[in-house]
Amino acid sequence: MDCSRQYKLEAVRNPFLCECKGLLEVIHDFRSLDSERLKREFDRRLSERMTNYSSGVWRYKELILPELPDAYITTKFEGNTGMYDSDRVAKYAGIRKLMLKAQSENPSGSFKDNGMTVAVSHGRSAGYTRFTCTSTGNTSSSLAMYAAIAGCSSYVFLPNRNISMNKVLQTLAYGAHLLSFNGTYDDGIRFSETNSEILGLYVCNSINPFRIEGQKSIIFEIAHQLRWKLPDWIIVPGGALSHATALGKGLQDLLDLGFIDRLPKVAVIQAEGANPFHRMVAQGESKLTPELQPFTRASAMNIGNPPSWKKALHYTVRQTNGVTASVTDEEIMNAKAVIDQSGIGCEPASAASVAGLKKLVEEGVVDREATAVCLLTGNMLKDTDAIREYHLDSMSEGIFANKIIPVSLDFESLQGYVPNL
Ligand SMILES: Cc1ncc(COP(=O)(O)O)c(C=O)c1O
Ligand SMILES: N[C@@H](CCOP(=O)(O)O)C(=O)O
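These numbers come from a predicted model, not from an experiment.

## So, the overall build of the protein chain
- Looking only at helices and strands, the protein chain has 15 helices and 10 strands in total.
- Against the globule reference of 22 Å for 421 residues, the protein chain gives a C-alpha radius of gyration of 21 Å, in line with a compact fold.
- Referenced to the eigenvectors of the C-alpha coordinate spread, the extents of the protein chain come out at roughly 75 × 50 × 45 Å.
- Residue pairs in contact within the protein chain that sit at least 24 positions apart in sequence constitute 69% of those at least 6 positions apart.
- For the protein chain, the accessible surface area stands at approximately 17,800 Å², while carbon and sulfur atoms represent 51% of it.
- Charge-centre separation for the protein chain: the mean point of 45 positive side chains lies 4 Å from the mean point of 47 negative side chains.

The following block contains the structure:
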């Protein structure tokens, strides 16, 4: 991305940095592909059950990692997640039509599975049996799950504060070697870049370009579900910026292949305490100044130096004529409550997409008559402390707080609580 060097697939080595120290990206040659045949094949695979190609990622293998021998595919039939129309959330965001893509329905509960199945499969094909990541909890849960499926081991580095205990426990339960350190995600990534190859650990963070290729399947699946007619806007939360990058790169693939005839705009939403990408774009700068002490209650986005910022700038902001926005934790938590109470549910970081859309509609950047898809990146049970704080803690309770009502089981005491009694 930073220079014009190119490497053959077999020459790409852990930890996936170019000689110039920039991130690598996969370049495909789609010229031999027949788009109409491929569309029919993707439709056909929708009816397959329990084969590699019934995965919502590997269904699109030709556009992701065609060279990978099928024997290495490590899948839990990820993807295949629901897309929901929600009038209630649309009304909250102030827009006519809004759909929510629930990546939270993935096997480990977050969008990371779309990329992780590809990273672990590629790592196995390159001969690795030990995998690593640094994580705020979702990447690690996903890696620990796929490593366990493959009969391999995972070594995960987790910051010792400001991450969700549910995710720590999920990672632990899948059997990862859990290494807790004093620092942030950004410190962990720096450590991996320098030490992973010496330690013989295959890096599964999103600096790994195969992770990004897998995550492209999210936009492929959205487009497929919508019969290749995309909405005006796609809204995505931004932390390390892997999701935004994959979305933009996947959109470009779809356009190049003629599956779609125009690019929707992408909006990348960051949380106020960890928004270096938004600040850079809003100030018209072309170099990112890291946030040294990132903090947001949406702990999945506690990232001050997003590794993929250059790719996200290219693929989303520039290529789709997209925008960025920044929202407060309060805006995030209120949006989350509305999404939860619509029955769909998500973890705090995911709700940044809806909070950001609401803000962009209010500012007139997104037209009220426009159509949009918001990405819900993680499951509501990923951070149950956030639910307790919002609804039950009197210090921090939110405007949509719901309460537990203590009752005694007799008719009289229930009067007033249940209508028609
Ligand atoms: C649930 C959730 N939402 C959003 C994000 C942000 O995505 P990205 O880091 O790819 O920008 C993350 C972490 O990466 C996450 O775990
Ligand atoms: N929220 C992420 C942090 C970003 O990780 P990466 O996989 O994109 O490097 C997490 O779950 O760890």
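## So, the sheet that holds strand β4 (residues 153-159)
- In space, the 4 strands of this open sheet follow the order β5-β4-β3-β6, with parallel pairing throughout. Edge strands, defined here as strands with exactly one partner in the open sheet, are β5 (177-181) and β6 (202-203).
- In this structure, strand β3 (residues 130-134) lies alongside β6, joined through 2 bridges in parallel fashion. Across the sheet, residue Thr-132 finds its bridge partner in β6, namely Val-203.
- Seen against the sheet, helix α4 (residues 138-150) touches β3 and β4 and runs at an angle of roughly 170 degrees to β4.

## Remarks on the site of ligand 1
- Neighbouring residues of ligand 1: 14 residues in total, closest Lys-112, Gly-239, Ala-240, Ser-242 and Thr-377.
- Contact between ligand 1 and His-243: an oxygen atom at 2.9 Å from a main-chain N or O atom of the residue.
- Thr-377 places a polar side-chain atom, nitrogen or oxygen, 2.7 Å from a nitrogen atom of ligand 1.
- Its free accessible area being 380 Å², ligand 1 has 99% of it covered by the protein chains.
- Taken atom by atom, the bulk of ligand 1 overlaps the largest cavity.
- Here the residues of the shell around ligand 1 sort into 5 nonpolar, 7 polar and 2 charged.

## Here's the deal with the UniProt feature "binding site: pyridoxal 5'-phosphate" (unreviewed entry) in the protein chain
- Here, UniProt's "binding site: pyridoxal 5'-phosphate" (unreviewed entry) annotation points to Asn-138 and Thr-377. Across 240 residues in sequence, these annotated residues keep their C-alpha atoms within 9.7 Å of one another, forming a single compact spot. Those annotated residues from the list above that line the largest cavity are Asn-138 and Thr-377.
- Along the chain, the position of Asn-138 falls in helix α4.
- Residues in contact with Asn-138, not counting those within four places in the same chain, are Ser-110, Lys-112, Lys-167, Ala-300, Glu-347 and Lys-382.

## Let's talk about empty space enclosed by the protein
- In this structure the tally under the stated criterion is 3 cavities of 30 Å³ or more.
- Put simply, the largest cavity is a space of about 310 Å³.
- If you trace the largest cavity, you find 25 residues lining it, with Phe-111, Lys-112, Ala-240, Ala-300 and Ile-303 closest to the centre.
- At the level of secondary structure, the elements contributing two or more residues to the lining of the largest cavity comprise α4 and α9 (242-256).
- Split into classes, the residues belonging to the lining of the largest cavity amount to 9 nonpolar, 13 polar and 3 charged.

## Focus on the packing of aromatic side chains
- Here the structure, examined in full by the defined rule, presents 10 aromatic pairs.
- Ring centres of Tyr-92 and Phe-400 lie 6.0 Å apart, and the angle between their planes is 75 degrees; this geometry places the pair in the edge-to-face category. Note that Tyr-92 is positioned in helix α2 (residues 87-93) and Phe-400 in the loop between α14 (384-391) and α15 (411-414), a separation of 308 residues in sequence.
- Taking NZ or CZ as reference, Lys-39 lies 5.5 Å from the ring centre of Phe-259, over its face.
- The ring of Tyr-92 is capped by Lys-358, whose NZ or CZ atom sits 4.8 Å from the centre of that ring.

## Brief notes about the environment of Val-120
- Inspection of the secondary structure assignment puts Val-120 in helix α3 (residues 112-125).
- With near-sequence residues (within four places) excluded, Val-120 lies in contact with Thr-74, Phe-131, Leu-143, Tyr-146, Ala-150 and Cys-204.

## Side note on the site of ligand 2
- In the vicinity of ligand 2 there are 14 residues, among which Ser-135, Thr-136, Thr-139, Tyr-185 and Ser-206 approach most closely.
- Residue Tyr-185 places a side-chain N or O atom 2.5 Å away from an oxygen atom belonging to ligand 2.
- Within the side chain of Asn-205, an N or O atom sits 2.8 Å from an oxygen atom of ligand 2.
- Within the complex, 97% of the 340 Å² of free accessible area of ligand 2 lies under protein.
- At a threshold of 2 Å from the grid points, most atoms of ligand 2 map onto the largest cavity.
- Classifying every residue of the shell around ligand 2 gives 4 nonpolar, 8 polar and 2 charged.

## Quick look at unusual backbone geometry
- Cis peptide bonds are those with omega within 30 degrees of zero, and the linkage from Asn-14 to Pro-15 qualifies with -5 degrees.
- Its location among the elements puts Pro-15 in the segment before α1 (35-45).
- Positive phi values are uncommon outside glycine, yet Phe-77 reaches one of about 55 degrees.
- Tracing the backbone through its elements, the reader meets Phe-77 in the loop between α1 and β1 (83-85).

## Comments concerning the UniProt feature "domain: Tryptophan synthase beta chain-like PALP" (unreviewed entry) in the protein chain
- The sites that carry the UniProt feature "domain: Tryptophan synthase beta chain-like PALP" (unreviewed entry) are, in the present numbering, residues 75-378.
- A helix fraction of 44% and a strand fraction of 17% characterise residues 75-378, whose end C-alpha atoms lie 19 Å from each other.

## Observations concerning the pattern of salt bridges
- Tallied over the full model, the rule gives 29 salt bridges.
- Taking the shortest distance from any N to any O, the salt bridge between Lys-167 and Glu-347 comes out at 2.7 Å. With Lys-167 in helix α5 (residues 165-173) and Glu-347 in the loop between α12 (329-341) and α13 (348-362), this pair connects stretches of sequence that are 180 residues apart.
- With relative accessibility at 0%, the residue Lys-167 sits in the buried group.
- As a salt-bridge pair, Lys-216 and Glu-213 come within 2.6 Å of each other at their nearest N and O atoms.
- Taking the relative accessible area as the measure of exposure, Lys-216 reaches 0% and is therefore buried.
- Three or more residues are tied together by salt bridges with common partners; here these are Glu-41, Arg-44, Arg-45, Glu-48 and Glu-62.

What counts and how
- Residues numbered from 1 in each chain as written.
- Chains lettered and ligands numbered in written order.
- Predicted model: local features only at pLDDT ≥ 70, side-chain atom pairs only at ≥ 80, totals over all residues.
- Heavy atoms only, no water.
- Helix = DSSP H or I, 4+ residues; strand = E, 2+ residues; numbered from the N terminus.
- Rg over C-alpha atoms; globule rule 2.2 N^0.38 Å.
- Contact = heavy atoms within 4.5 Å.
- Areas by Shrake-Rupley, 256 points an atom, 1.4 Å probe, with all protein chains shown as cover.
- Lys, Arg positive; Asp, Glu negative; His and termini not counted.
- Charge placed at Lys NZ, Arg CZ, Asp CG, Glu CD.
- Pairing = 2+ DSSP bridges.
- Axes fitted to C-alpha atoms, helices over the stretch in contact; angles between N-to-C directions.
- Near = heavy atom within 4 Å.
- Polar contact = N/O pair within 3.5 Å; in protein donor to acceptor, adjacent residues only side chain to side chain.
- 1 Å grid on protein atoms, 1.4 Å probe; cavity = no way out; pocket = protein on both sides within 12 Å on 5 of 7 lines; lining within 4 Å.
- Sits in = over half its atoms within 2 Å of the grid points.
- Nonpolar A, V, L, I, M, F, W, Y, C, P; charged D, E, K, R; others polar.
- UniProt positions renumbered as here; feature names shortened; annotations may be inferred.
- Points joined across faces, edges and corners; volume = space filled by probe spheres on them.
- Phe/Tyr/Trp six-rings, centres within 6.5 Å; stacked < 30°, edge-to-face > 60°.
- Lys NZ or Arg CZ within 6 Å of the ring centre and 35° of its normal.
- Salt bridge = Lys/Arg side-chain N within 4 Å of Asp/Glu carboxyl O.
- Buried < 20%, exposed > 50% of the residue type's maximum accessible area, 1.4 Å probe, protein only.

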